[in-house]
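# Structural description and commentary
One-letter residues, chain by chain:
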Amino acid sequence: TKPYFTWKVLCVMKALFDLTASQEIYAPHSIRMEGDLTLGGLFPVHARGIPGEPCGDIKKENGIHRLEAMMYALDQINSDDDLLPNVTLGARVLDTCSRDTYALEKSLTFVQALIQKDTSDVRCTNGEPPVFVKPEKVVGVIGASASSVSIMVANILRLFQIPQISYASTAPELSDDRRYDFFSRVVPPDSFQAQAMVDIVKAMGWNYVSTIASEGSYGEKGVDAFQQLSREAGGICIAQSLKIPHNHKQENFDKIIRLLLDTRYARAVVLFTSDEDIRGILNASKRADQVGHFLWIGSDSWGAKISPVHQLEEAAVGAVTILPKRATIVGFDAYFTSRTLENNRRNVWFAEYWEENFNCKLMSSSKKEDTSRKCTGQERIGIDSKYEQEGKVQFVIDAVYALAHALHNMQRDLCPDVSGICEDMDLAGGKKLLKYIRSVTFNGSAGTSVTFNKNGDAPGRYDLFQYQMDNNSSPGYKNIGQWMETLQLNDMQWPNGQTEIPSSVCSLPCRTGERKKAVKGMPCCWHCEPCDGYQYQYDATSCKLCSYNMRPNPNRTACQPIPIVKLEWHSPWAVIPVFLAMLGIIATIFVMATFVRHNDTPIVRASGRELSYVLLTGIFLCYIITFLMIAKPDVAVCSFRRIFLGLGMCISYAALLTKTNRIYRIFEEGKKSVTAPRLISPTSQLAITTCLIAIQLLGVFIWFGVDPPNTIIDYDEQKTVNPDQARGVLKCDITDLQIICSLGYSILLMVTCTVYAIKTRGVPENFNEAKPIGFTMYTTCIVWLAFIPIFFGTAQSAEKLYIQTTTLCISMNLSASVALGMLYIPKVYVIIFHPELNVQKRKRSFKAVVTAASLTTRLSHKTSDRPNGEAKTELCENVDPNSKFHHIRVHKPSPNYSTGLVLKNCL
């Protein structure tokens, strides 16, 4: 009992055998060559027939060329004295008609000799038992071509342990040694071919492709292998995977083209189809006016065949096809071109080929109806018709030789002393022969080694072709490279004269500085999103934030340092404060020089020379701070800023506060007694002022100890939304709060001085500068009240550095200018332009001064009782503060002037 035999299988086999029982033992549509050992052959001599007909038109290349290659190989082997000596190989060749079911039916011929028939109840008409002609035993089968046919036939042959060697079937499914253990092939499986096609797609930069498969194992398994390998390789997405049915119509191909156009960007189309289906697809693309749009990638079923592209050359231009590495067999060309109707009678289909090849009719009953020309029989292949060796001829020859070498080795081992076939070899069976087949190694017809791996597969070696057409040559296939585990590509041409590789992508590459955001479920499709803000492109799919002191470069591929800025001297923000400061400094120096020159004049002495010089020094420092605020920050500049930021104002307002306090105390004391208040001498005034200034300096020194001066680069101040405008600000390590605290003491002195100015607003006119000081303080308060909201209101502005610095400098300049203008400019005017007023007046005693002040107060309440005018009394203090005597000058009442005391500026 044979392994794998079951009663169910036997019943199926019996049913199939009964279908052919009525046929002749040697069917008219088969080739039989006598020999000691018979090899079976399966070839697609005819195409698939229309519904109701098993076979269609004859296939010149795929059918006749390959069939004749087997005949040629057998002739060569039989004439070789070293290979199978004294053994003649015969053949039984069948037509599969490119249909798996038809091939299965015909292949039963190969197993007839192995099926035992029960003929006990069969009798001839005369009552005698019948004499059966035993069919020849087929030791091995060469074929089939299509993978679907090989799979169907392999399932039968394995039951009878008949080895099978295919010359063209490449379906990965056939590599399964558990299911197809008696199947071998001299062509590499589609798993290698699919890998080569994946490498081609990646080399072209295509990541979005469609696939088309002919229904059946070859097409479907080939596409499955391509999809699996593309997933493993990554970077390739399948736009559509379409299938062509067995019983296809023109509408099926038109629908496929319409579906492909739904994903127009997927221009590359991988084809695992039969050559008939290739023609249907090319025709449909031509009808849809899409010639040149699709980029075809054909499997070895397309290879370098002429039939799929005949009269469809424009639609095929640019197609990249793959074919197991092959060579033209010169001996076969000579053999085939010498075939005629006379010397090739063993080929029962050769007459039909002759008619098709030469477009003529051999007899009136010929089925060829598209011509009326009669064949002469003198036509010659390659002379009267175009001839080019079909691509699989080499593999047919190698398959026959592989079986012959296996039989040779088997005969040498089993029949060492016998010339020819011995009984041991005759009874050895297919399983032993299979071992010899899997172990053969020889140089094939193309000079390359022929071997099989444990699954019966040949190594992967492919030539790559492209169908090209230009003005300088006729259209045809051009070898553009090879694949032998790695891809090698040469120059290629593309449709419509394109010089660059056409694209077949779902999404165009993102520009520099943009990241890919993948579409869910389609890793090869994405949207491009710019890296915005302070982000840069970290890789193709992500953006990262630059560090705090960096910003993205213009193309956002990396980060670069943020430029460092400071307030420049030529900036408009600096020019105005500097201009005002320079005017102020010039004016201050002029006033100071005037006072020094006229140091002993009454006006200078009456102004209080000591405090005036202190006040002028403070005003000068208020102007000087502008230059420190604009200068480039360093440790020294920052130190001086801390010192002088509040010092100038402190000195100014300390002197003014001392003056207003002195006036206030004098007149408040005068209301109570005639005794002079304490600490009103110049020395005392200087001491008081120095103490007030010392408090400011003490605070500054404490600040130095707690937080030593330093420079910083503030990247947050000008970190704008647009990173191109971002700047790092070089500045001193002084916060806004520290600036206000530094000025806070000076502001306190200013407010206190203002309070005293308000309290002394009622003193006699022009006495001790009370009113000018009051106006000065009122104006200064307005200036600083405007400064505070501007300073803090711009804290979040990108121009904070410029606005705050300019505001601070201008505020200090205005404060100094107000004090200088109201307190000293009038005196300088008098000193320079009216020197006659700068003279000493009559002296008066302190008692007179106080009495006059009291009298002024009392008289101010009686002005309404004097209808004809009021007495006007003028008191003039001695210009010498140490004098003990004072004088009073009383004017007569005038009808137009109110009585009042005018206390001259004498203290």
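My aim in this report is to walk through the structure given alongside it, one point at a time. (Residues numbered from 1 in each chain as written. Predicted model: local features only at pLDDT ≥ 70, side-chain atom pairs only at ≥ 80, totals over all residues. Heavy atoms only, no water.)

Before going further, it helps to spend a moment on the overall build of the chain. A count of helices and strands for the chain gives 24 helices and 30 strands. Split into buried and exposed, the 907 residues of the chain put 51% on the buried side. (Helix = DSSP H or I, 4+ residues; strand = E, 2+ residues; numbered from the N terminus. Buried < 20%, exposed > 50% of the residue type's maximum accessible area, 1.4 Å probe, protein only.)

For side chains of opposite charge, pairing can occur when their charged atoms come near one another. Going through the model one piece at a time under the given rule, you end up with 23 salt bridges. Of the charged contacts, one joins E136 and R32 as a salt bridge, the two residues approaching to 3.8 Å between their closest N and O atoms. Highlighted residues: E136 in the loop between α3 (100-107) and β6 (138-142) and R32 in strand β1 (residues 30-33), separated in sequence by 104 residues. Of the charged contacts in the structure, one is a salt bridge between D177 and R438, with a shortest N-O distance of 3.6 Å. Taken as a pair, D177 in the loop between β7 (164-166) and β8 (183-185) and R438 in helix α14 (residues 430-438) lie far apart in primary sequence, 261 residues in all. A relative accessible area of 29% means that D177 is categorised as partly exposed. We classify R438 as buried; its relative accessible area is 17%. Counted as one network, the salt bridges with shared partners bring together R32, E34, R92 and E136. (Salt bridge = Lys/Arg side-chain N within 4 Å of Asp/Glu carboxyl O.)

On to a nonpolar patch on the surface. Together, F590, Y829, I832 and F833 make up an exposed nonpolar region whose accessible area comes to about 430 Å². Among the elements that make up the nonpolar patch, the one with the highest residue count is helix α23 (residues 825-833) (3 residues). By the element assignment, Y829 lies in helix α23. Classification of Y829 as partly exposed rests on a relative accessible area of 44%. (Patch = residues over 30% accessible without salt bridge, like charges linked within 9 Å, V, L, I, M, F, W, Y side chains within 5 Å. Areas by Shrake-Rupley, 256 points an atom, 1.4 Å probe, with all protein chains shown as cover.)

In this chain, G143 is followed by A144 through a cis amide linkage whose omega measures 0°. Phi angles above zero are rare outside glycine, and D289 is one such case at about 55°. Positionally, D289 belongs in the loop between α8 (275-287) and β12 (295-298). At N359, a position not held by glycine, the phi torsion is positive, near 55°. With respect to the helices and strands, the residue N359 is situated in the loop between α11 (350-358) and α12 (393-414).

This next bit is on the state of the cysteines. As enumerated under the stated definition, the model contains 9 disulfides in all. Between the sulfur of C415 and that of C422 lies a disulfide, 1.7 Å long from S to S. An S-S torsion of about -70° defines the bridge between C415 and C422 as left-handed. Between the sulfur atoms of C546 and its disulfide partner C559 the distance amounts to 1.9 Å. Judged by the sign of its S-S torsion, about -90°, the cystine formed by C546 and C559 is left-handed. Linking C546 in the loop between β22 (542-545) and β23 (550-552) with C559 in strand β24 (residues 559-561), this pair joins segments that are 13 residues apart in sequence. Not part of a disulfide, C781 finds its nearest cysteine sulfur in C753, a span of 8.8 Å. A residue is classified by how much of its surface remains accessible, and C781, at 17% relative accessible area, is buried. (Disulfide = S-S within 2.5 Å.)

For the rest of this paragraph, the subject is the environment of P563. Note that P563 resides in the loop between β24 and β25 (564-565). Along the primary structure P563 and G728 are separated by 165 residues, whereas in three dimensions their C-alpha atoms are 6.0 Å apart.

Here helix α19 (residues 682-706) crosses helix α20 (residues 736-759) at 170°, and the two axes come no closer than 10 Å. Classified by the interaxial angle, the pair formed by α19 and α20 is roughly antiparallel. On α20, the residues touching L692, I695, Q696 and W703 of α19 are Q738, S742, Y745, S746 and L749. (Axes fitted to C-alpha atoms, helices over the stretch in contact; angles between N-to-C directions. Parallel < 35°, antiparallel > 145°, perpendicular 65-115°, else oblique. Contact = heavy atoms within 4.5 Å.)

This paragraph deals with the packing of aromatic side chains. Aromatic rings considered in pairs are described by the distance between their centres and by the relative angle of their planes. Taken as a whole and judged by the stated rule, the model has 20 aromatic pairs. The interplanar angle of 40° and the centroid separation of 6.1 Å between the aromatic rings of F332 and Y335 together place this pair among those described as tilted. Linking F332 with Y335, this pair stays in helix α10 (residues 330-337), spanning 3 residues, or about one helical turn. When the centroid spacing of 4.6 Å and the interplanar angle of 55° are considered together, the rings of W354 and F358 count as tilted. Remark: F358 and W354 occur in helix α11; sequence separation between them is 4 residues, near one turn of the helix. The same class applies to W354 and to F358, which are both buried. Three or more aromatic residues joined by ring pairs form one cluster here, namely Y72, F332, Y335, F336, F350, Y353, W354, F358 and Y387. Positioned over the ring face of Y538 is K544, at 4.0 Å from the centre of the ring. When the ring centre of F704 is taken as reference, the NZ or CZ atom of R642 above it lies at 5.7 Å. (Phe/Tyr/Trp six-rings, centres within 6.5 Å; stacked < 30°, edge-to-face > 60°. Lys NZ or Arg CZ within 6 Å of the ring centre and 35° of its normal.)

With that settled, the discussion passes to the pairing of strand β5 (residues 89-95). Most of β5 is tucked away: 7 of the 7 residues are buried. As paired elements, β1 and β5 share 4 bridges and run antiparallel to each other. Among the inter-strand pairings, I31 is bridged to a residue of β5, identified as V93. Here 7 bridges tie strand β2 (residues 37-43) to β5, and the two strands are oriented parallel to one another. Paired with L37 across the two strands is L89, which belongs to β5. (Pairing = 2+ DSSP bridges.)

Relative to the elements of secondary structure, L414 occurs in helix α12. In this structure L414 comes out as partly exposed when scored by relative accessible area, which is 22%. Sequence separation between L414 and M425 is 11 residues; the distance between their C-alpha atoms is 6.0 Å. When residues no more than four places from it in sequence are discounted, the contact partners of L414 are C422, D424, M425, A428 and K432.

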